[in-house]
Structure formats: C-alpha cells, structure tokens
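# An overview of the molecular structure
If you want the building blocks of each chain, they are given just below.
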Amino acid sequence: GAVAGVVQDTLPRGGLSTPPVASGAASARLLRTSGGQIMDRNPSPPPPSREEDEASGDCIGSTVYSKHWLFGVLSGLIQLVTPENTKSSSDDEEQQMELDEDMENEICRVWDMSMDEDVALFLQEFNAPDIFMGVLAKSRCPRLREICVGILGNMACFQEICVSISSDKNLGCYCSVCMIQTLLLCWKQAEVASVWVERIREHPAIYDSICFIMSSSTNVDLLVKVGEVVDKLFDLDEKLMLEWAGNGALQPVDQPQEDSEERPVFKIVPSILEAAKQIRSEHLEGLDVYMHILQLLTTEDDGIQAIVQCPNTGKDTWNLLFDLACNEFCQSDDPPIILQEQKTVLASVFSVLFSMYASEAEEANLKIENVELPLIDSLVRVLQNLEQCQKKPENSANSKTEETKKSDLTQDDFHLKILKDISCEFLSFIFQELTKETVTQGLKEGQLNKQKCSYAFQNLLPFYSPMVEDFLKILREVDKTLADDLEESFPSLKVQT
C-alpha cells in the first residue's frame, strides 16, 4: 500500500502541460474565467518590494523574482527532510503528514514561478531537482510531495532541463517510486526516451512498481500516464517488452513459501488487465493505450505466450476484450460515426482477439468456444459502419482550410483502413473455421442471413476468396437456396459442388 499511496498522492494536479508565462501576473490572467471570476489556484508569487526592484542583481534572469527569497524557501524545504526532522515516534507521525500553512504558501509560490523558464533554469543551476527528489523520497506529507512533483513537472516542460534531469546519474540513488514519478514527467521528450529505457534496464525494481500501480491503483489519471509510459517503452524496445512479458512467468522452485508471500510475483499481463478494467468506463483514450500494449505483445510469439500460457490470464484477457468487442463498442443502436472515436481501440481489440483465436488450436490451456457468431455479428456491423464513415460529405460547413481538411481526412482514412484490414482478416479466418452446426445456429439466430453474408462477401472478395468459398461449401449443406443466391450475386466465386 505504501508504494501506491506515494504515487497516487504525488500525481500532479495542475499545469504540467501549461505553457510557461512571463510573470505571476500573466499566470493569474490565464486563470481568470470569461466572467471575470478568479478560479481556485495556487497563490501567485509575492510582488517585489522597492528594495528588490532597486537591487537588480537579486533578480532571477529577466524576471523580478528574488534570488534570496527563493534560496530561503529552498533552505526551509531542505530542513523539512533533514534526518533529525524525518526521524519520529508514533506520537508525531500524524504531524508529519501535515504541512505548515506558511510553508505551503511559500512553496506554492515557487510552483507558480517554475513556469517561467528563467526561474526553471535558475532552479536547475542550483540543483533544486535534487532537493525535490529528496522530498519525494523522505517526506510523508502528501501535499508537500504533490507540490514538488508539480514543480518538477513545470521544469520538465523545458527540453534542456528535461534532458538534464533524465541524465542525472544520481537519479538511480532514489527509490523506484521516485524514478517512476520523474519518468512520468520527462518521458515525452524524444531526446530522453532512450536514456530512460537504459535507466529502467539498470533498475529492475521499476518493473514491480509499475505492475503494482497498474494492478492496484484507482487513480485513473495515474493509470493513463503509466500506461502511456509502458506503451512507449514497448514500442521503443522490443527486447525490454519480451523481458517484462517473461517476468514472473515461473516462480523459482527453491524460493521459500514465506518469501513468496512477502514479495508477490508480478506479471505484466494481469496488471495491464486490472488497469484496463479500472479505466474502461471513464477514459476511452486510456483504454486505447492499454489495448495497444496488448497488441504490441501479440506481435511476438513470446508475447502471445505471456497472454495465453496461464489459463486464468488467457481467459481473463479473452473475456475482457470479447466483451468490449461484442457488447460495448459499435453496438446496433450506435450511430455509425461512433467508429471515428473507437477506430483505434477497436483495431487493437480485434487484433489481440484474432491472435488469441488463431493460437487457440495450438494451446491446450486456452479454451475458446461458442464465440464465432457474436464475433461475426460484431465484425460485419463494424464493416457496415466503416462504409458510412468513409463517405465524404459533399458540402462541409467546417471552417477549416482545404489543406487542413485533406490532412484530417487522410489521417482518419489511415486509421479506418487499419480497422477494416484487421476486421476483414479476422472475419475471413472465422469463416474458414465454421462448422455445419455453427452455421445452422447462425441462420436460426440471425447472425447469418443473406444481407450480412452479402456485406461480408463484398468486403472479403477478392482477397479472401478461398475462405469465402470454404464458408459457402458449408452453407450449401445447410441452406442450398441461400448459397445459390449468394453465388449468383458474386459470380467470381467458384464453388465446386
């Protein structure tokens, strides 16, 4: 619980992606509503005194912020986490969870000031990140840790500082939780991505911490950020992905039972599933990230094995994705345009389901039964809606320029094409696996009829002709009239009777 508590409590709650502004006054203006009311926010930095104005040497860069005042705040922060102040009995442990109001106001002013690049560079020059990291490692006060993460987050918005923080060799001296917090702030900078991959390799404990967060946290924003990091790591480093996929697969035989209870063995796939379940109804983009992580795993045989080798894990993965594909996304009462929102997550879901379905015949542990008809129904409905989504409106009221429209449509077409390709490949594979009993049941229950079969054939031909012909042979044994009608509608089919 300690790891989860630290990470959840230190999640930045404001302004990490806010562009830096020139002064506290400008920051205040940004946070005013259109009605003139002031939104709740951290207090602005104190206005400079006349003496400070006159002593220009005390100013930080081109700002009017005082160096001496900032040094005083940082010194006070250091005092809060010095050994004599962090050692405590149970009597004053509760007091350590509280932050003095005056100190909170002072540090919050630094948080606001850190949006200014001159201030951020000044903090970096005097090793302030080490102070903030020390607070994350030692302080028990959630509010204090939150503020320090916020300051680090503002500083990490500037590339030079982000690279410096990520490259700091002393970073490895801190606990894995602190490293994860810093990773969440810095990883989006392309220049430091490879640095973080190597750093994670050097500190295997990060794997356990990330899995613990995914499997136990209820903080949706945190789960999304951690998912984005894992997705990026797997995309950047296939070797790391496979190492993580194999972690915890087999527990050492000589490990004592009591040790296994004290140190749980984390597996990456169950952790991903828990996170996906937690955010599925609250954050579509976050769910998309976790489905893409699973899709990346299925690009390698060892990754598929990590999903299907354990009966419970394979079953849980299939059940979650099957429910998403057949009971949640692109339902019969949804407008076709809904696919524009769901296209990428559906592509990942279908891709993983396809990989698992195709491997089922070889896997004794994974039993997938009676799933073909619901999947056919879902896949055909997706293909029908795709056609509607890909129709271009003749007159668009959109005020975008023609060039912007073309760019957007090209991007949309690209993702819709990926979804169509995966859907067709999956559907063709299911068609060739259908039995006479399943086709009979599909005709009786309505998942298979002339309209749906025609629409499926229209999308599958001519690329998947052998699979369609195999299906038509089975269909002829069950309903010869329907098979003849379909063959007449699609003359290219050559079915030997």
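Look a little higher up for the structure.
Presented here is an overview of the structure given in this document. What you see is a predicted model, and the numbers here were worked out from it, not measured in a lab.

### A word on the overall build of the protein chain
- Looking only at helices and strands, the protein chain has 28 helices and zero strands in total.
- Expressed as a percentage of the 497 residues in the protein chain, the buried residues total 46%.
- Pairs at least 24 apart in sequence give 74% of the contacts found in the protein chain among residues at least 6 apart.
- Carbon and sulfur atoms form 48% of the exposed surface of the protein chain, whose accessible area is close to 25000 Å².

### Points about the side chain of D116
- The residue D116 is located in the loop between α7 (101-113) and α8 (117-125) in this model.
- For D116, a relative accessible area of 7% puts it in the buried group.

### With respect to the environment of Q388
- Inspection of the secondary structure assignment puts Q388 in helix α23 (residues 372-389).
- A residue is classified by how much of its surface remains accessible, and Q388, at 40% relative accessible area, is partly exposed.
- Distance in space between the C-alpha atoms of Q388 and L339 is 9.7 Å, their sequence separation being 49 residues.

### Observations concerning the packing of aromatic side chains
- Under the counting rule described, the total for this entry stands at 15 aromatic pairs.
- Relative to F126, the ring of F122 has its centre 4.8 Å away and its plane inclined at 50°; by these criteria the two rings are tilted.
- With a relative accessible area of 8%, F122 lands in the buried category.
- These aromatic residues form a ring-pair network of at least three members: F350, F354, Y357, F426 and F429.

### Topic: the packing of helix α15 (residues 220-236) against helix α16 (residues 238-246)
- Relative to each other, α15 and α16 sit at 120°, their axes nearing to 5 Å. As summarised for this structure, α15 and α16 are arranged oblique, according to the angle between their axes. In this structure, α15 uses V230, L233, F234 and L236 to contact α16, whose residues at the interface are E238, L240, M241 and W244.

### Quick look at helix α25 (residues 436-445)
- Looking at α25, one finds that the buried residues are T438, V439 and G442. Buried positions in α25, seen along its axis, are confined to an arc of 100° and lie on one side of it. α25 presents E437 and K444 as exposed residues on the side facing more than 90 degrees away from its buried surface.
- Residues of α25 that are buried make contact with α23 and α27 (465-478).
- One or two steps after α25, the chain reaches G446, where phi turns positive at roughly 100°.

### A look at the pattern of salt bridges
- Evaluation of the coordinates by the stated rule reveals 14 salt bridges.
- Salt-bridge contacts for D377 lead to K452; the nearest nitrogen and oxygen are separated by 2.6 Å. With D377 in helix α23 and K452 in helix α26 (residues 450-460), this pair connects stretches of sequence that are 75 residues apart.
- Between R476 and E487 there is a salt bridge whose closest N-O contact spans 2.8 Å. One end of the pair, R476, is in helix α27; the other, E487, is in helix α28 (residues 480-489), with 11 residues separating them in the sequence.

About the criteria used
Position numbers for residues count from 1 along each chain, tracking the sequence in the order it is written. In view of the model being predicted, local features appear only for residues whose pLDDT reaches at least 70, and side-chain atom pairs are presented and counted only at 80 or more, with totals across whole chains, interfaces and linings using the full set of residues. The basis for the side-chain values is all heavy atoms of the structure; hydrogens and waters are excluded. Only DSSP runs of H or I reaching four residues or more are called helices, and only runs of E reaching two or more are called strands; each is numbered from the N terminus. Any residue under 20% of the maximum accessible area for its type is buried, any over 50% is exposed, and the rest in between are partly exposed; the area is computed with a 1.4 Å probe on protein chains only. Should any heavy atoms of two residues lie within 4.5 Å, those residues are counted as being in contact. Per-residue accessibility takes into account occlusion by the displayed protein chains alone, with areas from the Shrake-Rupley method and a 1.4 Å probe. In summary, the pairing rule links any two rings of Phe, Tyr or Trp, Trp by its six-membered ring, whose centres are within 6.5 Å, and it sorts them by plane angle into stacked for under 30 degrees, edge-to-face for over 60 and tilted for everything else. Every axis corresponds to a line fitted to the C-alpha atoms, with the helix fit spanning only the stretch in contact, and the corresponding angles, defined between N-to-C directions, vary from 0 to 180 degrees. Geometric relationships in this document are graded by angle, where less than 35 degrees denotes roughly parallel, more than 145 denotes roughly antiparallel, 65 to 115 denotes roughly perpendicular, and other angles denote oblique. In this context, the arc is that of the directions from the helix axis out to the C-beta atoms. Take a side-chain nitrogen of Lys or Arg and a carboxyl oxygen of Asp or Glu: if they are within 4 Å of each other, that pair is a salt bridge.

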